[in-house]
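Structural overview for review
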Amino acid sequence: MGANTLGWDGLTSRIAVAVATVCLTSFVYKLIKMRLMFYRLRKKGLPTPPWNPILGNLAVMAQLQKKWPSDSREAESFALLSTEAPGCEAGFYVDVWPFSIPMLVVTSPALAVQACQTYDLPKPDVLQPFINPMAGGSDNLFVSNGAHWKQARELFNHGFSMAAAMSHMTYILEEAQVFVQMLKDHARKGDTFSLDALTCRYVMDIIGNVALNTRFRFQEQHNPIAAAMRDTIELECGIETSNFLSRWNPRRLYRQWQNGRTMDYLIGVELDKRYKEWRETAKSSSHPRTQSIMDMVIAEYMKTRPQAQQQQELDPEFKRWATIQIRLFLFVGHDSEATTIIYSLYLLSKNPGVLIKVRAEHDRVFGAGVSSAYDVLTDHPEKINQLSYTHAVIKETLRLFPPANGLRGGLPGVSLRDEQGRIFPTEGCAIWIVHTAVHRNPSSWPQPHAFIPDRWLVEPGHPLYPPAGGWRPFEQGPRNCIGQNISLLGIKASLAMLVRQFDFHDAYAEYDRLHPSTGLKTMFGERAYMIQKGAGHPAQGFPCKVTLR
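Residues numbered from 1 in each chain as written. Predicted model: local features only at pLDDT ≥ 70, side-chain atom pairs only at ≥ 80, totals over all residues. Heavy atoms only, no water.

The secondary structure content of the protein amounts to 19 helices and 11 strands. Radius of gyration (C-alpha) of the protein: 25 Å, near the 24 Å computed for a compact globule of 549 residues. Dimensions of the protein along its principal axes, counting C-alpha atoms only, are 85 × 60 × 50 Å. Across the 549 residues in the protein, those meeting the buried criterion constitute 53%. Taking as baseline every contact in the protein between residues at least 6 positions apart, the subset at least 24 positions apart corresponds to 75%. Surface exposure of the protein reaches about 24,600 Å², of which carbon and sulfur atoms provide 57%. Within the protein, one finds 59 positive and 51 negative side-chain charges whose respective centroids are separated by 4 Å. (Helix = DSSP H or I, 4+ residues; strand = E, 2+ residues; numbered from the N terminus. Rg over C-alpha atoms; globule rule 2.2 N^0.38 Å. Buried < 20%, exposed > 50% of the residue type's maximum accessible area, 1.4 Å probe, protein only. Contact = heavy atoms within 4.5 Å. Areas by Shrake-Rupley, 256 points an atom, 1.4 Å probe, with all protein chains shown as cover. Lys, Arg positive; Asp, Glu negative; His and termini not counted. Charge placed at Lys NZ, Arg CZ, Asp CG, Glu CD.)

Let's shift gears to the packing of aromatic side chains. Under the criterion given, the structure shown has 23 aromatic pairs. With a centroid separation of 6.2 Å and an interplanar angle of 65°, the aromatic rings of F130 and F331 are classed as edge-to-face. Of the two residues, F130 sits in helix 5 (residues 128-135) while F331 sits in helix 13 (residues 316-350), which places them 201 residues apart along the sequence. Note on F331: relative accessible area 3%, which makes it buried. Above the plane of the ring of F218 lies R201, whose end atom (NZ or CZ) is 3.8 Å from the centre. One Lys or Arg, R440, reaches over the ring of F401 and ends 5.8 Å from the middle of that ring. (Phe/Tyr/Trp six-rings, centres within 6.5 Å; stacked < 30°, edge-to-face > 60°. Lys NZ or Arg CZ within 6 Å of the ring centre and 35° of its normal.)

For the rest of this paragraph, the subject is the sheet that holds strand 11 (residues 543-548). Spatial ordering of the open sheet is given by 3-11-8, a layout of three strands whose pairing is antiparallel. For this open sheet the edge positions go to strand 3 (193-194) and strand 8 (502-506), each flanked by a neighbour on one side alone. Relative to strand 11, strand 3 runs antiparallel, the two being bridged by two bridges. Residue pairing across strands places S194 opposite P543, the latter belonging to strand 11. (Pairing = 2+ DSSP bridges.)

The topology assignment puts N209 in helix 9 (residues 195-212). With relative accessibility at 2%, the residue N209 sits in the buried group. For the pair N209 and S292, spaced 83 residues apart in the sequence, the C-alpha separation amounts to 7.3 Å. Apart from residues no more than four positions distant in its own chain, N209 is found in contact with Y171, E174, E175, T214, R215 and S292.

Let us look at the state of the cysteines. In protein chemistry, a disulfide is the covalent bond that joins the sulfur atoms of two cysteines. Per the counting criterion, the structure on display carries zero disulfides. Cysteine C116 remains unbridged, with the sulfur of C481 as its closest cysteine sulfur at 13 Å. Looking at C481, the relative accessible area reads 31%, which means it is partly exposed. (Disulfide = S-S within 2.5 Å.)

Cis geometry marks the peptide bond from W97 to P98; its omega dihedral reads 20°. Summarising the element assignment, P98 is placed in the loop between strand 1 (91-94) and strand 2 (103-106). In this structure, Q447 takes a positive phi of about 45° despite not being glycine. Here Q447 shows up in the loop between helix 17 (435-439) and helix 18 (484-498). Not every positive phi belongs to a glycine, and Q540 is a case in point at roughly 55°. Looking at where Q540 falls in the secondary structure, it is placed in the loop between strand 10 (535-538) and strand 11. Accessibility expressed as a relative area gives 25% for Q540, which makes it partly exposed.

Among the nonpolar cores identified, the biggest contains 139 residues, and F78, F156, L183, L195, M294, F318 and L330 are the most heavily contacted of them. Top element by residues in this core is helix 13. It accounts for 17 residues. Filtering out sequence-adjacent residues up to four positions away, F78 remains in contact with M61, F92, V94, M103, V105, W432 and V434. Of all hydrophobic cores here, the second largest spans 20 residues; its members include A90, C116, V414 and F424. (Core = buried A, V, L, I, M, F, W, Y, C linked by side-chain atoms within 4.5 Å.)

This brings us to the packing of helix 8 (residues 169-189) against helix 9. Running from N to C, helix 8 and helix 9 point in directions that differ by 160°, and their axes come no closer than 9 Å. With respect to their mutual orientation, helix 8 and helix 9 come out roughly antiparallel. Crossing angle aside, the handedness with which helix 8 passes helix 9 is right-handed. Listed contacts from helix 9 to Y171, I172, E174, E175, A176, F179, M182, L183 and H186 of helix 8 are L195, L198, T199, Y202, D205, I206, N209 and V210. Of the residues contributing to the contact of helix 8 with helix 9, the split by class is 11 nonpolar, three polar and three charged. (Axes fitted to C-alpha atoms, helices over the stretch in contact; angles between N-to-C directions. Parallel < 35°, antiparallel > 145°, perpendicular 65-115°, else oblique. Left-handed = near helix turned anticlockwise from the far one by under 90°. Nonpolar A, V, L, I, M, F, W, Y, C, P; charged D, E, K, R; others polar.)

The four strands lie next to each other as 1-2-7-4, forming an open sheet whose pairing is mixed. The open sheet has two edge strands with one neighbour each: strand 1 and strand 4 (406-409). For this sheet, the mean inter-axis angle between neighbouring strands, taken without regard to orientation, is 20°. As defined by bridge partners, strand 1 adjoins strand 2 across four bridges and the pair is classed as antiparallel. Residue G91 lies in a different strand from strand 2, and its bridge partner there is V106. Relative to the sheet, helix 3 (residues 74-84) contacts strand 1, strand 2 and strand 7 (430-433), its axis offset from that of strand 1 by approximately 115°. This element, helix 4 (residues 109-118), spans strand 1, strand 2, strand 4 and strand 7 of the sheet and lies at about 125° to strand 7.

What follows is the structure, given as structure tokens:
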């Protein structure tokens, strides 16, 4: 017995040593391979932050972390880095292996145009761990590539057209009325609240209504679909500010699994309702008052499946695929739109001259009365297109505070060329188009950090005229954001409902007094700097007070 035990112990030890040796050898091999790759790039004169042949850029990145708030979004950090590291103003390589694959960070319009438009580089696999927990699968519009992506995009194009977006104005106004009442309640109480939390619930209601023809009423009460999505986002983004072991925390994994089950089941129920309504409409040749995105997609799908039109139940394979897309739309649709509404209100509160001009435009288009926009837009939704100055405010807000960034995968034989003629190979790299850096690049934008809506109203040739390919919050090219028409419409309608009724005041001074802490609290001079919370969101949830005009 003892001899057998010793024999097994010896075998186990030898196996453990062998496994450890293989793992160590693999690690060393990959380390040498990565560092040699960057050594060769530097020999060609291509820019990187200060680099070490053993640590790569890890040491300098650790030092740079001390220059901005600890919870700030990484994109803003790289935007600042591009202005501090010599030669990095157009783009640069970053070597932080083993924590990430090699990255080519794009910070200029020219390189961004080539990556997303000229070469239309594919979405990389590294996107999937971030998107898939919210979408529920990799078969979604955001991360899929090739013919599969093209077919899905074509199926959804009609549902996201400008005409379709305008047909949703009633939905948007219904939810905006609830949001207005919530803000009036806070104004009467005079309390401090998180504008981020309130606005996320509001826009989630819009997206639920637009995408599924379903009123979540998340602003007023608990909704299991919306709550599960918000909890999933919180859990995923919490990983970035926690220790690395939190990714495998059993409690977190169980909650994510439970959230996914909840969303899949309840979205499936809603899809069954939409299919039943489609069948009834097809039989009667009638047309519903307004179609949600999924109503339109089911109709488009059924055109391509004549043999399935007699089925009593929705095709399970299509239903699963549609559920993934709905989860994706709920995530990206409400997250970025809510952020832009908040930052628009914030920048207007900081720039009273701009606010006066916006209010004057709304008086002209909607007539007198701080709440007249609802009635006018209900009867004449097309009047939203007359808000040219408000549209410029939104574009300038998205320039300064873009909610997301672009990510593409490099390919063999594909290189990008900057304005100086430098050639940036992309093979083996994730290409990160940092929108904040592109939008605030001093080589492309006069007064890059200033809030100047008029730059979107000047004629070509004017010093303020935006650079070609320089504005990319929805990205550009074949894979631009399919939902941008609905998003911009929702933001514009929200401002129309809000800016004449309320004055917004950030309460960061009060927050900092109640939550004293050391360390930096601003980025680009802004206390409301962006943190990663799905899309970029204002720090500390944007503590706010609101008053009635």
